[in-house]
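Report on the structure
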Amino acid sequence: MSHFTRREFLKTGLAAGTFAIAGSLPLIAQRRTATDMVTLGRSGVKVTRLAFGTGSFSGQVQRQLGQDAFTRLVRYAYDRGIRFFETAESYGEMHKMLGVALKGVPRDSYQIMSKVTTRDGVSPQQKFDELRKLANTEYFDIMLLHWQHTPTWPTDSTRWQDAILEAQSRKVVVSHGASVHGLPALRRVPGNKWLEVAMIRMNHKGKSMDAEVPDVPEPGNVPEVVSHVQEVRKQGMGVISMKLAGEGTFNREDRQKAMKFAFTNAGVDCVTVGYKNSAEIDEAIENLNLALA
C-alpha cells in the first residue's frame, strides 16, 4: 500500500480540488487583440482588425517618406502583426510604393484592399490590371468603389459593379464593396445586395464623418452613422472604419476614445489608420488592444 506524507497528501488534494473547481467553471474567453484575424462578413475575407492605411491626406504623408522609409515602415507593421494593407487609385504612387515595400513577402500572408475611381471613359478591366501591376500582385483581396457620394451611386456605378464581378470570375479580385461619403450615399448601403464590404467613416466626435452634404467641415451625424453600421452588420456586411484619428487632428486621449467607440459603440469589424512612423503603429496597436480589453 502506498504511503503519503502530509505534504504529498496536501499537494495531491490541492491539485485535485483545483481541477474539480476549474472543471466546473466556463473557460475564460481568449483576449482579443489588434492583430487578430477577423472575417469581413459574407465576403469571407479574413484580415487583421488593424490595417495599414496609405491615404493620409490622399497619400501625401506616406509619399513624403520616400520609398526606403516607407518600406521600412511597412515591414515594421508586418513584423508587429498587421497583415492588412489598403490603398487607392487616387493616392498617387501608393500602389507602386506598396508593391515595392511588400516585395518578397509571401503573398498569402497578407491582404490588400484597393479602391478604384468610378469614372466614365475608362475600361474597368484595364484599370484593375494596371493597379495589380503597380502593386506587384496577382490579385486584390478586396476591391472597393471609391468615394461614392451621391444617393444614386448604386445605379450610377452599375458598370463598375459588373466589372468587379467579372474580375472576381477571373480571380483577380476576391471580394468587393464601396467606400461612401455623406449621409445620402450611406443611406443606400443598408439593404444593398451587391455589397459585401462597406468602408464607413467613424469616430466619437463626428470629425470628417458623414453629414447631409459630403465632405463638409461641420461634424457628421454620429448617431445616424452608427445606426447604419449596426444595421449592415446584421445584414452580413463586413465594415471597415476610417477617420479614427479625426484626419490627424485628435490628441492621444481622443484617438483612444475613437478606437473604443468604433468597436464598442458602433461594432465595426476592422479599422484602418495611416502612419508616418513606427511610434504611431505602436500606439494604434496599443489603443486598439485597450479598446478590446
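Below: a short report on this structure. All values reported here derive from a predicted model rather than from experimental measurement.

**Description of helix α10 (residues 252-266)**
An ideal rise of 1.5 Å per residue puts 21 Å on 15 residues; α10 measures up with 20 Å between its terminal C-alpha atoms. By the largest-angle criterion, Lys260 marks the main kink of α10, which is about 25°. Taken as a whole, α10 has its buried residues at Asp254, Ala258, Met259, Phe261, Ala262, Phe263 and Ala266. At the N-terminal boundary of α10, the capping side chain belongs to Asn251, with an oxygen 3.3 Å from the backbone nitrogen of Glu253. In the segment just after α10, Gly267 is the residue with positive phi, at about 80°.

**Points about the sheet that holds strand β3 (residues 50-53)**
Pairing is parallel around the closed barrel formed by 8 strands, whose spatial order is β3-β4-β5-β6-β7-β8-β9-β10. Each neighbouring strand pair of the sheet contributes to a mean axis angle of 30°, computed without reference to strand direction. Judged from the 3 bridges that link them, strand β7 (residues 173-180) and strand β8 (residues 197-201) form a sheet pairing that is parallel. Bridging across to β8, Gly177 finds its partner in Val197. Along the sheet, helix α7 (residues 158-169) makes contact with β5 (111-117), β6 (140-148) and β7, crossing β7 at roughly 155°.

**Some remarks on the side chain of Ser109**
Residue position: Ser109 is located in the loop between α4 (94-101) and β5. Residue Ser109 is classed as buried on the basis of its relative accessible area, which comes to 17%. In this structure the side chain of Ser109 is engaged in a polar contact, spanning 2.7 Å, whose partner is the side chain of Tyr78. At a separation of 2.6 Å, a polar atom in the side chain of Ser109 contacts the main-chain carbonyl oxygen of Pro106. In this view, Ser109 contacts Tyr78 and Arg83; residues no more than four positions away in its chain are not counted.

**Some points on the pattern of salt bridges**
Taken as a whole and judged by the stated rule, the model has 21 salt bridges. Of the charged contacts, one joins Asp141 and Arg107 as a salt bridge, the two residues approaching to 2.8 Å between their closest N and O atoms. A residue pair is termed long-range when its members are at least 10 positions apart, and Asp141 in strand β6 and Arg107 in the loop between α4 and β5 qualify at 34 residues. Here Arg252 makes a salt bridge to Glu286, at a shortest N to O gap of 3.3 Å.

Reading the values: rules and limits
- Residues numbered from 1 in each chain as written.
- Predicted model: local features only at pLDDT ≥ 70, side-chain atom pairs only at ≥ 80, totals over all residues.
- Heavy atoms only, no water.
- Helix = DSSP H or I, 4+ residues; strand = E, 2+ residues; numbered from the N terminus.
- Expected span 1.5 Å × (residues − 1).
- Bend = angle between axes of the 7 residues up to and from the residue.
- Buried < 20%, exposed > 50% of the residue type's maximum accessible area, 1.4 Å probe, protein only.
- Polar contact = N/O pair within 3.5 Å; in protein donor to acceptor, adjacent residues only side chain to side chain.
- Pairing = 2+ DSSP bridges.
- Axes fitted to C-alpha atoms, helices over the stretch in contact; angles between N-to-C directions.
- Contact = heavy atoms within 4.5 Å.
- Salt bridge = Lys/Arg side-chain N within 4 Å of Asp/Glu carboxyl O.

The analysis is restricted to geometry; functional conclusions fall outside its scope.
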